[in-house]
Amino acid sequence: MASKIILLPGDGIGPEITAPTLELLDAVGTKFDYEEHLFGGASIDAHGIAMTDETLAACQAADAVLLACVGGPKWDTTDADKPRPEQGLFRMRKGLGLYANLRPVRPFPALYDASPLKREIIEGTDVLIVRELTGGLYFGAKTRTKDTASDLCEYSREEIERIARVAFRAARRKVTSVDKANVLETSRLWREVVAELHAAEFSQVPLENVLVDNAAMQLVSNPADFDVIVTENLFGDILSDEAATLTGSIGMLPSASIGEPGKPGVFEPVHGSAPDIAGQGVANPLAMFLSAAMMLRHGLNLEAEAAAIESAVNRALAEGLRTRDLGGSADTRAATQAVLSNL
Ligand code: IPM
Ligand code: MG
């Protein structure tokens, strides 16, 4: 039986980068049973909520979820009583137990000169950011009066240990655990638990602890030194955007969010819904293509097909493919053709 994939094109450029991704998946020879659902702002418009019970249940029952992006000015609000597209993301992360967010940052050699950093600095950079995704400030209790507000940051030993395990398993050279242990109690627990797990199960993997402010600096001054970075939810959010710019464009970065083995993961580009260019057919589809590759590899065990997509993207870039975000003029169609012709 064909694997069941839930498609969540979401908002903005989402639908226009999802359609060519399905073309690419067909071209690579995979046959899936796709089921499309509204998500984010599109779901708010239709159902008044960013992710319905029905969509969550469909995701829980699927083999994998391929998500494009959500959000847009139409749903931007600071009114806590109004639904927001991001609530769909949070509901999905919790509802599918997606505690590990993997964001690989590997600048393409063909794009070294598109990076804001000097070529000598980014050359050889190959970082995997392992971001904790279901704890910390994102999910802690919130309070609000007219003049005061609070967000609780809480982590348990179990939450820290399971994300650290993902990081140690993924390491090739070392693990850099990023925290703010000189200030935050959650970071002190984080450091303790990571050290204990390291001593008990992964003592062969070099481990270093770096404070988050220093990590932010090193990411732009010496990115090639990092291998796997593991960190809590908010730090991971911030550092992954910072790392994304190293590739020349956030339009290039895929991600995988995974939970317990055997449960469906969610695969999505790191970029947002780009409302400013939505509907024009000019969005860069490469991060979505690479997210589909991550889905094949991590979600469906189709390594050869994943590698085929990645190398086709590589070759298309080497041949000179440049979408607008990379300073070129290729539109979504041209980018898709360039990748298809390199499969
Ligand atoms: C991300 C995004 C989300 C996050 C936003 C849209 C809520 O920035 O996936 O990195 O902060 O997790
Ligand atoms: Mg983010």
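Residues numbered from 1 in each chain as written. Chains lettered and ligands numbered in written order. Predicted model: local features only at pLDDT ≥ 70, side-chain atom pairs only at ≥ 80, totals over all residues. Heavy atoms only, no water.

A.B. asks: I would appreciate a short explanation of the site of ligand 1 in the present structure.
C.D. replies: Around ligand 1, the structure places Glu 86, Leu 89, Phe 90, Arg 93, Arg 103, Arg 131, Tyr 138 and Asp 237. At a separation of 2.8 Å, an oxygen atom of ligand 1 approaches a polar side-chain atom of Arg 93. Measuring from an oxygen atom of ligand 1, one finds a side-chain N or O atom of Asp 237 at 2.9 Å. In isolation ligand 1 has 320 Å² of accessible area, and contact with the protein removes 73% of it. Broken down by element, the residue count for the shell around ligand 1 peaks at four residues, all from helix H4 (residues 86-95). Here the residues of the shell around ligand 1 sort into three nonpolar, no polar and five charged. Two domains each put at least three residues into the shell around ligand 1: domain 1 (1-99 + 260-343) and domain 2 (116-247). (Near = heavy atom within 4 Å. Polar contact = N/O pair within 3.5 Å; in protein donor to acceptor, adjacent residues only side chain to side chain. Areas by Shrake-Rupley, 256 points an atom, 1.4 Å probe, with all protein chains shown as cover. Helix = DSSP H or I, 4+ residues; strand = E, 2+ residues; numbered from the N terminus. Nonpolar A, V, L, I, M, F, W, Y, C, P; charged D, E, K, R; others polar. Domains from an automatic or database assignment.)

A.B. asks: What exactly am I supposed to notice about the packing of aromatic side chains here?
C.D. replies: To describe a pair of aromatic rings, you give the distance between the ring centres and the angle between the ring planes. Using the criterion set out here, one finds five aromatic pairs in the structure. Pairing Phe 90 with Tyr 138 gives two aromatic rings, centres 5.8 Å apart and planes at 80°, and the pair type is edge-to-face. Note that Phe 90 is positioned in helix H4 and Tyr 138 in the loop between strand E5 (127-132) and strand E6 (142-144), a separation of 48 residues in sequence. When the ring of Phe 90 is compared with that of Phe 139, the centres are 6.0 Å apart and the planes differ by 80°; the resulting orientation is edge-to-face. Of this pair, Phe 90 sits in helix H4 while Phe 139 is found in the loop between E5 and E6, placing the two residues 49 residues apart along the sequence. Judged by its relative accessible area of 25%, Phe 139 is partly exposed. Members of the aromatic cluster, each reached through a chain of ring pairs, are Phe 90, Tyr 138 and Phe 139. Lying over the aromatic face of Phe 139, Lys 94 brings its terminal NZ or CZ to 4.7 Å of the ring centre. Over the face of the ring belonging to Tyr 99 we find Arg 162, whose NZ or CZ atom lies 4.2 Å from the ring centre. (Phe/Tyr/Trp six-rings, centres within 6.5 Å; stacked < 30°, edge-to-face > 60°. Buried < 20%, exposed > 50% of the residue type's maximum accessible area, 1.4 Å probe, protein only. Lys NZ or Arg CZ within 6 Å of the ring centre and 35° of its normal.)

A.B. asks: Would you take a moment to explain the nonpolar core for this structure?
C.D. replies: Nonpolar side chains tend to gather and get buried jointly when the protein is soluble and globular. Counting residues in each nonpolar core, the largest one holds 62 residues, and the members touching the most others are Val 130, Met 295, Ile 309, Val 313 and Val 339. Per element, the largest residue contribution to this core is nine residues, and it comes from helix H10 (residues 286-299). Formed jointly, this core draws a minimum of three residues from each of two domains, domain 1 (1-99 + 260-343) and domain 2 (116-247). Sequence-distant contacts of Ile 309, that is, excluding residues within four places in its chain, are made with Leu 24, Leu 25, Val 28, Phe 289, Ala 293, Leu 296 and Leu 343. Counting residues in each nonpolar core, the second largest holds 17 residues, with Phe 39, Ala 58, Leu 89 and Leu 133 among its members. (Core = buried A, V, L, I, M, F, W, Y, C linked by side-chain atoms within 4.5 Å. Contact = heavy atoms within 4.5 Å.)

A.B. asks: Where do I start with the sheet that holds strand E9 (residues 207-211) in this structure?
C.D. replies: Pairing between the strands of a sheet comes from backbone hydrogen bonds, and it takes one of two forms, parallel or antiparallel. Read across the sheet, ten strands follow the order E2-E1-E3-E12-E11-E4-E5-E10-E8-E9 without closing on themselves; strand pairing throughout is mixed. Of all the strands in the sheet, the pair left with one neighbour each is strand E2 (33-36) and E9. Strand-to-strand twist in this sheet, taken as the mean axis angle between neighbours without regard to direction, amounts to 20°. Where strand E8 (residues 175-179) lies against strand E10 (residues 228-231), four bridges are found, and the strand directions are parallel. (Pairing = 2+ DSSP bridges. Axes fitted to C-alpha atoms, helices over the stretch in contact; angles between N-to-C directions.)

A.B. asks: Would you mind showing me how to read the domain arrangement of the protein chain here?
C.D. replies: Frequently, the measure chosen for interface size is the accessible area removed from exposure when the parts meet. Taken domain by domain, the protein chain comprises domain 1 (1-99 + 260-343) and domain 2 (116-247). The C-alpha-based centres of domain 1 and domain 2 are spaced at 25 Å. With seven residues of domain 1 at the contact, the number on the domain 2 side is ten residues. Of the roughly 890 Å² buried where domain 1 meets domain 2, counting both sides, 67% is carbon and sulfur surface. The largest contributions to the domain 1 side of the interface with domain 2 come from Arg 93, Lys 94 and Tyr 99, which together make up 67% of the buried area. Our count for the domain 1 to domain 2 interface comes out at zero salt bridges. Among the residues making up the side of domain 1 that touches domain 2, the classes are represented as four nonpolar, no polar and three charged. (Buried area = accessible area lost by both parts, 1.4 Å probe. Salt bridge = Lys/Arg side-chain N within 4 Å of Asp/Glu carboxyl O.)

A.B. asks: Before we go on, may I ask you to explain the packing of helix H1 (residues 14-27) against H10 in this structure?
C.D. replies: For any two helices packed against each other, the geometry is given by the interaxial angle and the distance between the axes. It is at 9 Å that the axes of H1 and H10 come closest, and there the two elements cross at 50°. One way to sum up the angle between H1 and H10 is to call them oblique. As H1 packs across H10, the resulting crossing turns out to be right-handed. Judged by residue contacts, Ile 17, Thr 18, Pro 20, Thr 21, Leu 24 and Leu 25 of H1 engage Met 288, Phe 289, Ala 292, Met 295 and Leu 296 from H10. Grouping the constituent residues of the contact of H1 with H10 by class yields nine nonpolar, two polar and no charged. (Parallel < 35°, antiparallel > 145°, perpendicular 65-115°, else oblique. Left-handed = near helix turned anticlockwise from the far one by under 90°.)

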